[in-house]
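# Structural features, examined
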Amino acid sequence: MATLPAGRGWWYEIKLDGHRTVLWRTAETVRLQARSGRDVTAWWMDIALAGMDLPAGVVLDGEAVVVVDGRISFEAAQSRAASTLERARRLGQMHPALFIVWDVLALPGRDVRGRPYTERRAAMLDVLAGLPSPSRIQAVSATDDREVVQAWYESLQGTGVEGVVAKLATSTYRAGRSGAWRKVRHAETVDADVVGYVGPPSRPRALAVRLPDGRIALSQRLGAVLAAQVAEYLAESPAVRRGRTAAGEVYVRAEPGLMVEVLAGTTRHAVVTATRLR
C-alpha cells in the first residue's frame, strides 16, 4: 500500500471517483456548484431534488458519482457533466447519480468550517440521518483504524474507488491544499491548478498548469473531450494577460478555479500529461 500517515489523530476516508460538488440548501431551493464555480444544478437535478429534504442553511461538500453495472464510473459522471442539458437529463434517467458527502461547511445559522474535522463529521452525520431512506445523498465511509483503511485500499481498487484521503481529527475545513489532508491514489497522478492555456479558448491545444512544486509547465496536446470541457470553462474567463512557463513558453492566463489531474511520472519534465478535469 502507498504510504499513509500513521499515528494518533488521523482519520481516513474512501476517495470516490466523481465530480467535486458543493451543495447549498437555501430557504427556497438547492444550488449545486462545480469546483470551477460553475452552477451545475440543472445537470445534477436528481441530487438537487434529494437536497430539498435537507434543512435550509446547510452547505455540503462532496462528490457527484454515477454507478454503472455495480461500479463507480468516472466516465459516466464526466459524460453527464459535459453534456447538453437535454442529454444530461436522459443520462440521469438511465443512471441516477449519488451525492457522497465528506464535509459540512455550514449548518442552519452558523458557519462550521473552523470547527475540527471530527466535530464537523459528527454534525454531517446528524444532518444526513434526517433524510428519508433511501436517499441519493449519503455520507462517505470513514474510519480511524489504519488496518481497516488498508483493507479498503486493497479490496476496492476495481470498483471505481480512487484511493483514500487521510485527515487530521483537529483539521479545519480549507478549500485549498493542506498538509492536514493527504490523498493516496491507486493511480500515480497529482492535482495541478490550471493557470492558462495555449490556442483559442474555444478549442485550447494545451494547458499551463502549476505543479505541486510551484513550477508552471505546459501540458501535451489535449484530447478532444478534455479540450471541449476546458473550453466551456474558458468561455467565462477573459483573455487579458499572458504569462510564461518555467521553460519560457508563452500562454494566456485563465481565471483561477480549474484543476486537472496530471500523470505523476511526467511532472519532472517541461511538458506534462493532463488526463482529466478534477
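Reading guide: rules and limits
- Residues numbered from 1 in each chain as written.
- Predicted model: local features only at pLDDT ≥ 70, side-chain atom pairs only at ≥ 80, totals over all residues.
- Heavy atoms only, no water.
- Phe/Tyr/Trp six-rings, centres within 6.5 Å; stacked < 30°, edge-to-face > 60°.
- Helix = DSSP H or I, 4+ residues; strand = E, 2+ residues; numbered from the N terminus.
- Buried < 20%, exposed > 50% of the residue type's maximum accessible area, 1.4 Å probe, protein only.
- Lys NZ or Arg CZ within 6 Å of the ring centre and 35° of its normal.
- Pairing = 2+ DSSP bridges.
- Core = buried A, V, L, I, M, F, W, Y, C linked by side-chain atoms within 4.5 Å.
- Contact = heavy atoms within 4.5 Å.

The next thing to look at is the packing of aromatic side chains. According to the stated counting rule, one finds three aromatic pairs in the structure shown. With 6.2 Å between their ring centres and 55° between their planes, Trp11 and Tyr117 make a pair best called tilted. Placement of the pair is Trp11 in strand β1 (residues 10-16) and Tyr117 in helix α4 (residues 117-129), with a sequence separation of 106 residues. The exposure class of Trp11 is partly exposed, given its relative accessible area of 23%. The class of Tyr117 is buried, set by a relative accessible area of 1%. Seen from their ring centres, Tyr173 and Trp181 are 6.0 Å apart, and the 75° between their planes marks the pair as edge-to-face. Assigned by exposure class, Tyr173 and Trp181 land together as buried. Clustering of aromatic rings is evident, with ring pairs tying together Trp102, Tyr173 and Trp181. When the ring centre of Trp181 is taken as origin, the NZ or CZ atom of Lys167, which lies over that ring, is 4.0 Å away.

Following Ser133, the chain continues to Pro134 via a peptide bond in cis, the omega torsion being 0°. Within the secondary structure layout, Pro134 lies in the loop between α4 and β8 (137-139). Backbone geometry places Asp69, a non-glycine residue, at a positive phi of 55°. Looking at where Asp69 falls in the secondary structure, it is placed in the loop between β4 (59-68) and β5 (71-72).

Moving on, we come to the pairing of β4. Across the 10 residues of β4, eight count as buried, placing the element largely inside the fold. Where strand β2 (residues 19-25) and β4 come together, six bridges link them in antiparallel fashion. Directly across from Val22, in β4, lies its bridge partner Asp61. The pairing of β4 with strand β6 (residues 97-107) spans eight bridges and is classified as antiparallel. By the bridge assignment for β6, Val59 is matched with Ala106. Sheet analysis places β4 next to β5, joined by two bridges and oriented antiparallel. Across the sheet, Val68 pairs through a bridge with Arg71, a residue of β5. Hairpin connection, β4 to β5: the antiparallel pair is bridged by two residues, and Asp69 has positive phi, about 55°.

A word on the nonpolar core. One broad rule of soluble globular proteins: the nonpolar side chains tend to lie buried together. Core analysis: the biggest nonpolar cluster contains 31 residues, and Leu23, Trp44, Leu60 and Ile137 have the highest contact counts within it. Counting residues per element, this core draws most heavily on β6, at five residues. Look past the residues within four positions of Leu60 in its chain and what remains in contact with it is Thr21, Val22, Leu23, Leu54, Phe99, Val101, Asp103, Val104, Leu105, Leu128 and Ile137. One finds Leu211, Leu234, Ala274 and Leu277 within the second-largest nonpolar core, a separate group that totals 21 residues.

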